[in-house]
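# Inside the fold
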Number of protein chains: 2
Amino acid sequence: MNERQKRASTKDVAKLAGVSLGSVSRVINKFDNVTPEVREKVERAMAALDYRLNHAAKTLRSRSSRTVGCMLTDITNPLYANLFRVFEDKFREAGYLVLLANSMNKGAWEIEILEMFRSRGMDGVLLAPSNERNPQVIAAVNQLDIPAVIVDRDISVQQDQVRFDHVRGIREAASALIAQGHRRIAIILSGVESRPMRRRLEGFRAAFAAHGILPVEELVVRLPSSTENAFARVDALLRSDQPPTAIFSLGTNVLGDVLSAIAARGLRVPQDVSVVSMGDPEFARSHVPAIATVSIDIDFAASESARLLLERMEGRVQGKPRRVLIATQFVPRDSCAEVPPSKTRKVSKTR
Amino acid sequence: MNERQKRASTKDVAKLAGVSLGSVSRVINKFDNVTPEVREKVERAMAALDYRLNHAAKTLRSRSSRTVGCMLTDITNPLYANLFRVFEDKFREAGYLVLLANSMNKGAWEIEILEMFRSRGMDGVLLAPSNERNPQVIAAVNQLDIPAVIVDRDISVQQDQVRFDHVRGIREAASALIAQGHRRIAIILSGVESRPMRRRLEGFRAAFAAHGILPVEELVVRLPSSTENAFARVDALLRSDQPPTAIFSLGTNVLGDVLSAIAARGLRVPQDVSVVSMGDPEFARSHVPAIATVSIDIDFAASESARLLLERMEGRVQGKPRRVLIATQFVPRDSCAEVPPSKTRKVSKTR
DNA sequence: TTGTAAGCGTTATCAG
DNA sequence: CTGATAACGCTTACAA
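Calculation rules
- Residues numbered from 1 in each chain as written.
- Chains lettered and ligands numbered in written order.
- Predicted model: local features only at pLDDT ≥ 70, side-chain atom pairs only at ≥ 80, totals over all residues.
- Heavy atoms only, no water.
- Buried < 20%, exposed > 50% of the residue type's maximum accessible area, 1.4 Å probe, protein only.
- Helix = DSSP H or I, 4+ residues; strand = E, 2+ residues; numbered from the N terminus.
- Arc of directions from axis to C-beta.
- Contact = heavy atoms within 4.5 Å.
- Near = heavy atom within 4 Å.
- Polar contact = N/O pair within 3.5 Å; in protein donor to acceptor, adjacent residues only side chain to side chain.
- Nonpolar A, V, L, I, M, F, W, Y, C, P; charged D, E, K, R; others polar.
- pLDDT = per-residue confidence, 0-100.
- Least-squares fit on C-alpha atoms with pLDDT ≥ 70 in both.
- Salt bridge = Lys/Arg side-chain N within 4 Å of Asp/Glu carboxyl O.
- Pairing = 2+ DSSP bridges.
- Axes fitted to C-alpha atoms, helices over the stretch in contact; angles between N-to-C directions.
- Core = buried A, V, L, I, M, F, W, Y, C linked by side-chain atoms within 4.5 Å.
- Domains from an automatic or database assignment.
- Buried area = accessible area lost by both parts, 1.4 Å probe.
- Patch = residues over 30% accessible without salt bridge, like charges linked within 9 Å, V, L, I, M, F, W, Y side chains within 5 Å.
- Areas by Shrake-Rupley, 256 points an atom, 1.4 Å probe, with all protein chains shown as cover.
- Lys, Arg positive; Asp, Glu negative; His and termini not counted.
- Charge placed at Lys NZ, Arg CZ, Asp CG, Glu CD.
- Parallel < 35°, antiparallel > 145°, perpendicular 65-115°, else oblique.

## A few points about helix α10 (residues 231-239) of chain A
- Those residues of α10 of chain A lying buried are F231, V234, D235, L237 and L238 of chain A. For α10 of chain A, the angular spread of the buried residues around the axis is 160 degrees, confining them to a single face. Exposed and facing more than 90 degrees away from the buried side of α10 of chain A are A232 and R239 of chain A.
- Buried-residue contacts for α10 of chain A involve β6 (185-190), β7 (220-223), β8 (246-249) and α11 (254-264) of chain A together with α12 (282-286) of chain B.

This is the structure:
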């Protein structure tokens, strides 16, 4: 790095340009009431001194950091990574910076992060607290005195919220499978107990209920962490006496594991096992056979969150919390088919 | 959110506690020379007023933001997401916050981000500029007057650098395949032209050179973006008159596509096609057959970067730039096998 | 339109 | 060990 010579301040610029501090500030902030001559003198001086605005001073004085905080569970989850990127883009356009903090599912960290957001003077925050049932976390969220938006959580707080209608998409998908004769349907859920997991299971059960039957509880698999490998679990299901005839792959990175486990046992999709995935990645579309999915428009969730938050931050909206519910949709594809007759009989025998 | 009552300052705390401003500051910063009584009075007052440190004021006065910047191409790339997370952890331990900025491969943004880092008073920065050949970006990096570490770039600047020895791992892997009789080896590279891509190709060519032969240029596939789907490209290769007998899958998300394309054509790994992947994800290990990989210890790169940067920031190290080269290694697994005799003949005919 | 000066909330430097 | 006071670099009234 270069020798660290003292950075030029507005005062230095004013002196060199032969104008006052106020004029420099007006030029920096693009005020109208500045004569072209003054503006040019200031700009010349700024260039000559390689002047940079000191953001801390600006924040201190103007009481706005032009920064928003973004608290997620874990950015290595591609869903969150996408959410962040779109959110960052929207705010960049609006002249804000986004500060990312990963809570890694730890309640204590979530509280710490919220403290930090306050201390650092965030103008607004986006929150996806994983500990949505932790009273201390809820209290900390409620005590926030800055605009906030909560993403896809069942948490009862006085802030704007954006949620996915997970139930509907999964219900549609499960219904379709049931209509195709499937009864032994496995569902692989990943991540900690939280809204997405809960709602997906709810939709799953609702589909069975609508057909007057019950899901097979042994086929409900909860992976403790979203990084956990699903291969062994799926493999075990497939080895059992009564293997599933269809599998919901609802974790972030589990589709590959599921397909790999199916192939490893010499089974075929969809002839032996039907598969439904989540989030509609490119991979699912190009796979042969194409994998049916429950689509989740994470980009839309991100931009809606950004919109709600910006409206609050800019004072364009006040009053009671708003709720946005984003639809999810079943996208049927070749990976789902009728249950093979032999398997149907086998199942009917046991019921 | 709650009603926004004016936040308490150190002055308020001092008044309520009946001590001076200086004493409050000493308590906050955990100085030794404070009597227990004073400390307790201050702490009580802070609690009563729900006092929060104003970070902007602290930064302005102390000339340290206790924040480091992290400029990456795109956090949705899992490799970068992991890098960030480990980096963030290390700095959190040291009492710093990490500010993430995605440059999305845009040179103009990279320059803008560097400006922003300066303006916001970063104490240090980690950079992985995608435009490593862009003179303006290089100039901007060189002009930084804060400690910096560059990650895995071929860029000639006066800063500490951490790099992977991509060449070696790929060379080992390619040599192993060549030794198994493979000649038509495809290599799928993703992302923009940059060090990782360049070096991997270099290692690939080096292995052929060592055996006195040349790679088949038509089998070198460059995917323009790291999000681009590789299925169609691999499918096209496999359909050709002279399909590859082995495939290097060196992009971040391409392994799934490669396996899927192979399976879609009814081919088997490794009997028909050998496969080598990159980065050693869990998925590769549990897949049947297990996928050979060129391992890349991204966590180690992140912690080494953090170490180098912290040493500079804390002034423990001065002087000329340091270079860390991190080994990559070929991990052979079942996905690689001898070329089937029929295919060997086919190739030998054409040479 | 421009200049002047106060003050944002902290830390740092002195005396006491 | 504690208190008073001057910065830090900027914005923002208000006065000229």
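That shown, we press on.
## Observations concerning the protein's contact with DNA strand D
- Taken together, 26 residues surround DNA strand D, and among them T10, Y51 and R61 of chain A together with T35 and R61 of chain B come closest.
- Here the atoms of DNA strand D within 4 Å of the protein split so that 63% fall in sugar or phosphate, with bases taking the remainder.
- Between DNA strand D and N29 of chain A there is a distance of 3.4 Å, counted from a phosphate oxygen to a side-chain nitrogen or oxygen.
- The separation between a phosphate oxygen of DNA strand D and a polar side-chain atom of Y51 of chain A is 2.5 Å.
- Those elements giving two or more residues to the surface near DNA strand D turn out to be α2 (21-28) and α4 (55-62) of chain A together with α2 (21-28) and α4 (55-62) of chain B.
- Among the residues forming the surface near DNA strand D, the class breakdown is eight nonpolar, 10 polar and eight charged.

## A look at the confidence of the model for chain A
- Residues with a pLDDT of 70 or more make up 95% of chain A, whose mean pLDDT is 92.
- When the criterion is pLDDT under 50, residues 345-351 of chain A qualifies, and its contacts beyond four places in sequence or with other chains add up to eight contacts.

## Let's talk about the relation of the copies chain B and chain A
- Superposing chain B onto chain A takes a rotation of 180 degrees plus a shift of 0.0 Å along the axis, which leaves an RMSD of 0.1 Å. Taken together, the rotation and translation relating the two chain copies correspond to the operation of a two-fold axis. Minimal C-alpha distance to the rotation axis in chain B is attained by A56 of chain B, lying at 2.4 Å.

## Overview of the pattern of salt bridges
- What the rule picks out here adds up to 55 salt bridges over all chains.
- R316 of chain B is paired through a salt bridge with E314 of chain B; the nearest N and O atoms lie 2.8 Å apart.
- Members of the salt-bridge network, linked through shared partners, are E132, D152, D154, E193, R195, R198, R199 and E202 of chain A.

## Side note on the sheet that holds strand β7 (residues 220-223) of chain B
Residue and element names in this part refer to chain B.
- Across the sheet, which stays open at both edges, the six strands sit in the order β7-β6-β8-β9-β10-β12 with mixed pairing between neighbours. The two strands at the open ends of the sheet, each matched to only one other strand, are β7 and β12 (329-331). In this sheet, adjacent strand axes meet at a mean angle of 15 degrees when their direction is disregarded.
- The sheet contact formed by strand β9 (residues 274-278) and strand β10 (residues 292-295) spans three bridges and is parallel. Residue pairing across strands places M278 opposite V294, the latter belonging to β10.

## A look at the nonpolar core
- Within the largest apolar cluster, 110 residues are counted, with the highest numbers of intra-cluster contacts made by F248 of chain A together with F248 of chain B.
- In contact with F248 of chain B, other than residues within four places in its own chain, are I170, A173, A174, L177, I185, A186, I187, I188, F204 and V276 of chain B.
- By size, the runner-up hydrophobic cluster in this structure holds 40 residues, among which are M116 and I146 of chain A together with A148 and I150 of chain B.

## Section: the domain arrangement of chain A
All names here are of chain A.
- What the domain assignment reports for chain A is domain 1 (3-53), domain 2 (67-164 + 298-327) and domain 3 (166-296 + 331-343).
- Measuring from the centre of the C-alpha atoms in domain 2 to the corresponding centre in domain 3 gives 30 Å.
- Sorting the residues of domain 2 by area buried against domain 3 places L79, D154 and F164 first, and these three jointly supply 35% of that buried surface.
- Here R195 makes a salt bridge to D154, at a shortest N to O gap of 2.8 Å.
- Counting across the interface, domain 2 meets domain 3 through 11 residue pairs in polar contact (both at pLDDT 80 or more).
- Here the residues of the side of domain 2 that touches domain 3 are counted per class, giving six nonpolar, three polar and six charged.

## Remarks on a positive patch on the surface
- Side chains of K6, K11 and K15 of chain A together with R61 and R63 of chain B sit close together on the surface and give a patch of like positive charge.
- Examined against the element boundaries, K11 of chain A turns out to sit in helix α1 (residues 10-17).
- Judged by its relative accessible area of 54%, K11 of chain A falls in the exposed class.

## Regarding the packing of α2 of chain A against helix α3 (residues 36-49) of chain A
All names here are of chain A.
- It is the contact of α2 with α3, at a shortest axis distance of 10 Å, that shows an interaxial angle of 85 degrees. By the criterion of interaxial angle, the relationship of α2 to α3 is roughly perpendicular. Touching S23, V24, V27 and I28 of α2 are V38, R39, V42, E43 and M46, all from α3.
- Looking at the contact of α2 with α3 residue by residue, the classes come out as six nonpolar, one polar and two charged.

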